[in-house]
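Structural overview for review
In case you want the letters, here they are:
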Amino acid sequence: MGGIPDSVLSQSPLSSEPKQSKVSHLLALGLNGGMGQELASRRVAMIVEDDAAISVVLRTMLEDEGYQVLCAASAEQATVALAEQLPEIALVDLRLPGLQGIDLVRLIRQSSQIPIVIVTAQTDSHDVVACLEAGADDYITKPFVPKEVTARIRSILRRTAVSRESTSLPSSSRLQLDARTASAVIDGRVVAVTPIEYRVLEQLLAANGAVVSRNHLLHHVWGYEHAGDGRVVDNLIYRLRGKLQTSSALPEVIVTVRGFGYRLVM
Amino acid sequence: MPPDQLPVSLLESASPTGAMQRFRYSGDPYLAIAIPLRDALYVEVFPLVDLDTLLVRAAWLLLFLTLALAAFGAILGAQIAARVLHPLTALAVSARRIAMGDFGERMTQTGDPDLDPIAAAFNEMVQAVQAKIARERRFAANVSHELRSPVTAALGSAEILAGSRNQLDPRTREVADVLVDQVRRMSRALVDLLEISSTFGDDGAQSEVIDVRAVCQDVLQMRGLDSRLLVGPSCFALSDARRLERILTNLVDNALLHAGGVTAIRLEPNAQCVLVHVDDQGPGIPDEVAAHVFEPFTRGPHSAATPGSGLGLAIASEQARVIGAAVNFEPLPGGGSRFTVSLPASDLPVETVEE
C-alpha cells in the first residue's frame, strides 16, 4: 500500500473531532483513495444498524441472497470494518448512536462509489433528502417488506442495463461511458460514478436526447416495480450534475424538462 | 237656523239657570246655550266646526307622533340591543367554527368590562382544547413510532419464516401461517396509522405528467386482480404517481374489504380533468355513514370484524388533498358504489423512451 494521498485526508468535511479524523484516516488506509469499485469484494454486503432485531432480519435477507454479511452496530464500527474490506453494497440506518447515518454516507463517499441504501423511519423526510444529496442511492422505510428490499438491491447491483452493451449506445459529443471501469467521461475528464449513477447515464444516453421520465428511471434503474419516490431520481441528478459540471462557463449536460423528466444534451 | 230645529231637550231643560247642549244640524256640530229670560228663552248658537276640525287634527297628530316615537324608540332599542349582543353573536359564530375544527379562532378584547371576561375565558378554553388535541396527537404519533422498530423486525422475520413454511410440519405450518398473516395485518395497520399521524404536505407532492392507465394497471396487478377490470382510454394527468397509486390502492382495498370486490376501474378523461372511477356492487354506503366516510375509523354497520384499519379512505382523501385532486363517492343506479378520483388533465404529449 502506497502513501496516503494528501488529497483524501485534506478533503475531510467533518468537524475537527479527533475521533472522526482517526476514522477517515482508517478509511483512507484501506481504500487507497480514488475509485474503490474494483476493490469491492463480490458478494459481501454491510449492514449498519443498531437495532439488533432488525439487524438479524436484514442479515438473514441478504444471506438468503447469497451475500456474506458484515454487521456493524454503529458508524464507528462500520468504518473499522470498511478499512479492512469494501463491501459491494451498504445498508445504513439513518439513526445511529454516535456518528449519524448521513455522516457515514459522506465518509464512504469520500473515497468510494459503492451503492448505499439508507434505512429510515417514515418521519425522517428531510433527512432522507439530505442523505440522498450526500450520496445515498436509495432509501427504504421501516417497516419494510423484505421481498421489496431484495428486489431493489438486486436491481441496484445489476451492473449494466439489461440488453445493451455500452458500445451500442448513441454517442454524445461531451459524455461517454466506460463499461470496463464503470465510470463516465465528460469533456475528456474521467469521473467516478456509483453503479446507479452509471445506469442513469446509460438510460439517458440510450434515449438519444429524448426525455426520460422519472418513473421510467425508477423502474429500470432502481427496480421499483410500482410507482416510487421521484425525489430519489431528482437527488441523483443533482449529484450527477455536481460531478459532471466542470465550470459554470460550460452548459449543463443534463437538462430538466419540467413535468416530464430529464434528458441529455447530445 | 229656524227655532224649531233646536233640540227639544235643551228647551225643556232650560231651567232658571240656563243650559247648554251640543247638537248636530245639517251634519255640522253646534253648541247652543239657552238662558231663560222673564218670558222668553235666549238661545245662542255657536258653530263648532272649526273647533272640531282642530280637535280631530290634533288627535291625528297625537296618534301619528305617538306611533313615530314608538317606532323610533323601537329602532333605537334594537340598535342598542344589537350592539350589546354583537359580541355574544360573535362568540356563537366562533364557537361554531371551532366545532367544525378551526382552532385558530380567538375573540378580541373590546374594552367592555362586561364582555371582556367572557372573551378571555373563551380564549382560554380554546387554548386548552387545542393543547389537549395536540397532546393526544403526539401520543398517537409516539406510540406508532415506538411500534415501528419491533413491527419492522417482526414483519421481516415473519416474511422470512413464510419463505420456509414448506419445511415445517403441517401443525407448525398452520400456526406459522396465522402468525405471518397477523403480523402482515398489524404492519399494514401501523403503516396507515403512521401515515395519518404525520403532518401531511411537508413531503411536497411531485407534479409530473403521468400515465394514469399505467398506474391503474399497477394497482390491479399488485392486488392480483384481472387487468380486464380496467376500462377506458389511455390518458395523462399532471400529478404525483406514487400518491395516486396509494389513493387508488386504498379505494380498491376498500371495495375488496367491504363490497365484495371491484367490478371495474373506469377512466373518463375530459378537457379539464381525468376521472378515475372505482366501481363495486356492494351493499352501498348507508346515509348515516355517508357524511363521515372519509374520516378516520369510520366503519360500516357490518364491518366490525373485517381486517381493515379503518384508515384507508381517510388516507386516500388526505393524499388527494395533498396532490390537489378530489375523491368523492356516489351510489350506482344498479346498486353498489362508485368512488371517483378527479385529477387535473395534462394535454401535453408525453415523450418517453421506447421500451
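The structure reproduced in this document is the subject of the present report. Bear in mind the structure is a predicted one, so any value in this text is a computation, not a measurement. Numbering of residues starts from 1 in each chain and follows the order in which that chain's sequence is written. Lettering for chains starts from A, numbering for ligands starts from 1, and both go in the order in which the items are written. Reporting of local features is limited, given that this is a predicted model, to residues whose pLDDT is at least 70; pairs of side-chain atoms are given and counted only at 80 or more, and all residues count toward the totals for whole chains, interfaces and linings. Note: side-chain values were computed over all heavy atoms of the structure, leaving out hydrogens and water.

1. Some points on a nonpolar patch on the surface
Residue and element names in this part refer to chain B. To count toward a patch, a residue needs a relative accessible area over 30% and no salt bridge; like charges are then connected within 9 Å, while nonpolar side chains (Val, Leu, Ile, Met, Phe, Trp, Tyr) are connected within 5 Å. We get accessible surface area from the Shrake-Rupley algorithm with a probe of 1.4 Å; when it comes to residues, only the shown protein chains can shield them. A pairing counts as a salt bridge when a side-chain nitrogen of Lys or Arg comes within 4 Å of a carboxyl oxygen of Asp or Glu. Judged by side-chain polarity, Phe 72, Leu 76, Ile 80, Val 84, Leu 85, Leu 88 and Ile 118 come together as a nonpolar surface patch covering roughly 630 Å² of accessible area. Working definition: helices are DSSP H or I runs of at least four residues, strands are E runs of at least two. Numbering for both runs from the N terminus. In terms of residues, the nonpolar patch owes the most to one element, helix 2 (residues 49–99), which gives six residues. One can find Phe 72 in helix 2. Burial here depends on accessible area, computed with a 1.4 Å probe over protein chains only, as a share of the maximum for the residue type. Under 20% is buried, over 50% is exposed, and the range in between is partly exposed. The exposed category is assigned to Phe 72, whose relative accessible area is 52%.

2. Concerning the packing of aromatic side chains
Geometry of an aromatic ring pair is reported as the spacing of the ring centres plus the angle between the planes. Only the six-membered ring of Trp is used, alongside the rings of Phe and Tyr, when aromatic pairs are assigned; centres must lie within 6.5 Å, and planes under 30 degrees apart are stacked while those over 60 apart are edge-to-face, with the rest tilted. Counted by the stated rule, this structure contains five aromatic pairs over all chains. Grouped by ring-pair contacts, the aromatic residues Phe23(B), Tyr25(B) and Tyr30(B) constitute a single cluster. As a reminder, the over-ring test applies to NZ of lysine and CZ of arginine, requiring each to be within 6 Å of the ring centre and within 35 degrees of the ring normal. One cation-aromatic arrangement involves Arg43(A) over Tyr67(A); the distance from NZ or CZ to the ring centre is 4.4 Å. Over the ring of Tyr224(A) we find Arg152(A), and its NZ or CZ is 4.0 Å from the ring centre.

3. Observations regarding the pattern of salt bridges
Scanning the model with the defined rule gives 28 salt bridges over all chains in all. A salt bridge links Glu197(A) to Lys243(A); the nearest nitrogen and oxygen atoms lie 2.7 Å apart. Linking Glu197(A) in helix 8 (residues 195–206) with Lys243(A) in helix 10 (residues 230–244), this pair joins segments that are 46 residues apart in sequence. Classification of Glu197(A) as buried rests on a relative accessible area of 0%. Two residues, Arg223(B) and Asp253(B), come together in a salt bridge whose shortest N-O distance is 2.5 Å. Of this pair, Arg223(B) sits in the loop between helix 5 (212–222) and strand 5 (230–231) while Asp253(B) sits in helix 6 (residues 241–258), placing them 30 residues apart in sequence. Connected via shared salt-bridge partners are Arg109(A), Asp137(A), Glu197(A), Arg239(A) and Lys243(A).

4. Thoughts on the interface of chain B and chain A
In what follows, residue pairs with any heavy atoms lying within 4.5 Å of each other are defined as contacts. Across the contact, 35 residues belong to chain B and 37 residues belong to chain A. Two parts placed together each lose some accessible area under a 1.4 Å probe, and the buried area is that loss summed for both. Buried surface at the junction of chain B and chain A, both sides included, amounts to about 3000 Å², of which 58% is carbon and sulfur. Counting the contacts that link chain B with chain A gives two salt bridges. Between Arg214(A) and Glu208(B) there is a salt bridge, and its shortest N-O distance comes to 2.9 Å. The term polar contact refers here to a pair of N or O atoms within 3.5 Å; inside protein, the definition further demands a hydrogen-donor-capable atom paired with an acceptor-capable atom, and it admits residues adjacent in sequence only when both atoms are side-chain atoms. On inspection of chain B and its partner chain A, the count reaches three residue pairs in polar contact (both at pLDDT 80 or more). Of all the secondary structure elements, the ones that give two or more residues to the side of chain B that touches chain A are helix 3 (116–163), helix 4 (170–197), strand 4 (208–211), helix 5 and helix 6 of chain B. Per element, the largest residue contribution to the side of chain B that touches chain A is eleven residues, and it comes from helix 3 of chain B. For the side of chain B that touches chain A, the residue count by class is 14 nonpolar, ten polar and eleven charged. Residues are grouped as follows: Ala, Val, Leu, Ile, Met, Phe, Trp, Tyr, Cys and Pro are nonpolar; Asp, Glu, Lys and Arg are charged; every other residue, Gly included, is polar.

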